[in-house]
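# Fold and geometry: a report
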Amino acid sequence: MNTSQAAQTLPASLGTADEVLSVAEAMDTQYLLRRSLSEPNADIAQRQHLVDALFGDRLSKPTLDLLRDAAADDWQSSDALAYGIRDAAVTLGWRAAVDDKSVEPARNQVLALIAAATTNLAVSTALADPSRDIADRQSLVLSLVKGASGVVGLLARSALTDGRGVFAANLSDALDALAALRGHQRAAVVSAVALTPSQTNTLIAQLSRIFGSPIDLEPSVDPNVVGGIRVDVGGDVIDGSIKARLDAAREAMSQITLKKDEEND
């Protein structure tokens, strides 16, 4: 069983997810540790024995089992190992939220954090400030959402310490992981005014029918979307706004004028 499979089949709890993330963060700062556990010239038994020697009496059985599976995988680099374990922590956290039925509030809180990090200059500046430690920045982002759940705290911490991207992008990747876990597709919806609950439910039903899978709707408001909505599902864009139709009409008129001028020439 590889690390990804283990993250989807091991007993999931927020405590296990937190413990796995702590291991990933330790690997980020200790090159020799992640290098030793991904050493291609060592056989699987040697790497798993190293896991037992280093962590056998310090970690819970689910975390130890996941690390043993990770040591048995083939990794392109030592960094890939650390990232793989981090991704497993995110998956375990989401699974715990699914199990305790807190996943939808948590998903909405993550969306609120992404919005704050991308639209509020003061927040984005503070999150990028190297003089503020991780705990301080985590406290800042969690203060932006009311009643942030435990899994949101875990995801925020991972997004702050994950070197693959900035905070908002890392959180978006976490939402990708949730969608993949549940077999859903994400749909970014921009409308001129906030959608009502009835409109939201109708749109989700229609998009689910069109794309053949459940939809995780991610709504936002932009007054420039005049008289309609814009939907993006995995790069497939449906734009029903008046502005889009006017822009298309102007473009068509421009081409017609150009052709007429050419005929006059």
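My aim in this report is to walk through the structure given alongside it, one point at a time. On a predicted model such as this, the values are computed, not experimentally measured, just so you know.

A separate point is the pairing of strand E1 (residues 185–191). The two faces of the sheet receive side chains in turn, since in a regular strand these alternate between them. Summarising the sheet, E1 and strand E2 (residues 215–221) pair through seven bridges and their orientation is parallel. The residue bridging Val190 from the neighbouring strand is Ser220, located in E2. Between E1 and its parallel partner E2, the chain crosses via helix H12 (residues 197–211), and the hand of that crossover is right-handed. In terms of strand pairing, E1 meets strand E3 (residues 229–233) through five bridges, oriented antiparallel.

What follows is about a nonpolar patch on the surface. Residues Val226, Ile242 and Leu246 make up a contiguous nonpolar surface patch of roughly 230 Å² in combined accessible area. Residue placement: Val226 occurs in the loop between E2 and E3.

Turning to the environment of Arg164, a few remarks are in order. Position of Arg164 relative to the elements: it lies in the loop between helix H10 (150–161) and helix H11 (167–182). On the basis of relative accessibility, which here comes to 40%, the residue Arg164 falls in the partly exposed class. When the C-alpha atoms of Arg164 and Tyr83 are compared, they prove to be 8.6 Å apart, with 81 residues separating the residues in sequence. Beyond its immediate sequence surroundings of up to four residues, Arg164 is in contact with Tyr83, Arg86, Asp87 and Asn170. Polar side-chain contacts of Arg164 include one of 2.7 Å to the side chain of Asp87.

Let us now look at the nonpolar core. Membership of the largest hydrophobic core comes to 28 residues, with the highest contact counts inside it found for Trp94, Val110, Leu113, Leu127, Leu155, Phe167 and Leu171. Counting residues per element, the ones that place at least two in this core are helix H6 (78–99), helix H7 (103–119), helix H8 (121–127), helix H9 (134–142), H10 and H11. Sort the elements by how many residues they give to this core and H7 lands first, with seven residues. Aside from chain neighbours lying at most four places away, what touches Val110 is Trp94, Val152, Leu155, Leu171 and Leu175.

Before going further, it helps to spend a moment on helix H4 (residues 44–55). For H4, with twelve residues, the first-to-last C-alpha span of 16 Å sits near the 16 Å given by 1.5 Å per residue. Every buried residue of H4 is listed here: Arg47, Gln48, Val51 and Phe55. Burial along H4 is one-sided: seen end-on, the buried residues are contained in an arc of 95°. In H4, the exposed positions that point more than 90 degrees away from the buried face belong to Ala45, His49 and Ala53. Looking at the buried positions of H4, the neighbouring elements they touch are helix H3 (31–37) and helix H5 (61–72). Residue Asp43 occupies the N-cap position of H4, its side-chain oxygen lying 3.2 Å from the main-chain nitrogen of Ala45.

The next point concerns the packing of helix H2 (residues 14–29) against H6. Helix-helix packing is characterised by the crossing angle of the two axes and by the distance between the axes. Viewed as axis vectors pointing N to C, H2 and H6 meet at an angle of 165°, and their least axial separation amounts to 8 Å. Between H2 and H6, the interaxial angle falls into the category roughly antiparallel. Where H2 crosses over H6, the handedness of that crossing is left-handed. Mapping the contact onto sequence places Leu14, Thr16, Ala17, Val20, Leu21, Ala24, Glu25, Met27 and Asp28 in H2 and Leu81, Ala82, Ile85, Arg86, Ala89, Leu92, Gly93 and Ala96 in H6. Looking at side-chain class alone, the contact of H2 with H6 contains twelve nonpolar, two polar and three charged residues.

Quick notes on the rules
- Residues numbered from 1 in each chain as written.
- Predicted model: local features only at pLDDT ≥ 70, side-chain atom pairs only at ≥ 80, totals over all residues.
- Heavy atoms only, no water.
- Pairing = 2+ DSSP bridges.
- Helix = DSSP H or I, 4+ residues; strand = E, 2+ residues; numbered from the N terminus.
- Right-handed = clockwise from strand over helix to strand, strands pointing away.
- Patch = residues over 30% accessible without salt bridge, like charges linked within 9 Å, V, L, I, M, F, W, Y side chains within 5 Å.
- Areas by Shrake-Rupley, 256 points an atom, 1.4 Å probe, with all protein chains shown as cover.
- Salt bridge = Lys/Arg side-chain N within 4 Å of Asp/Glu carboxyl O.
- Buried < 20%, exposed > 50% of the residue type's maximum accessible area, 1.4 Å probe, protein only.
- Contact = heavy atoms within 4.5 Å.
- Polar contact = N/O pair within 3.5 Å; in protein donor to acceptor, adjacent residues only side chain to side chain.
- Core = buried A, V, L, I, M, F, W, Y, C linked by side-chain atoms within 4.5 Å.
- Expected span 1.5 Å × (residues − 1).
- Arc of directions from axis to C-beta.
- Axes fitted to C-alpha atoms, helices over the stretch in contact; angles between N-to-C directions.
- Parallel < 35°, antiparallel > 145°, perpendicular 65-115°, else oblique.
- Left-handed = near helix turned anticlockwise from the far one by under 90°.
- Nonpolar A, V, L, I, M, F, W, Y, C, P; charged D, E, K, R; others polar.

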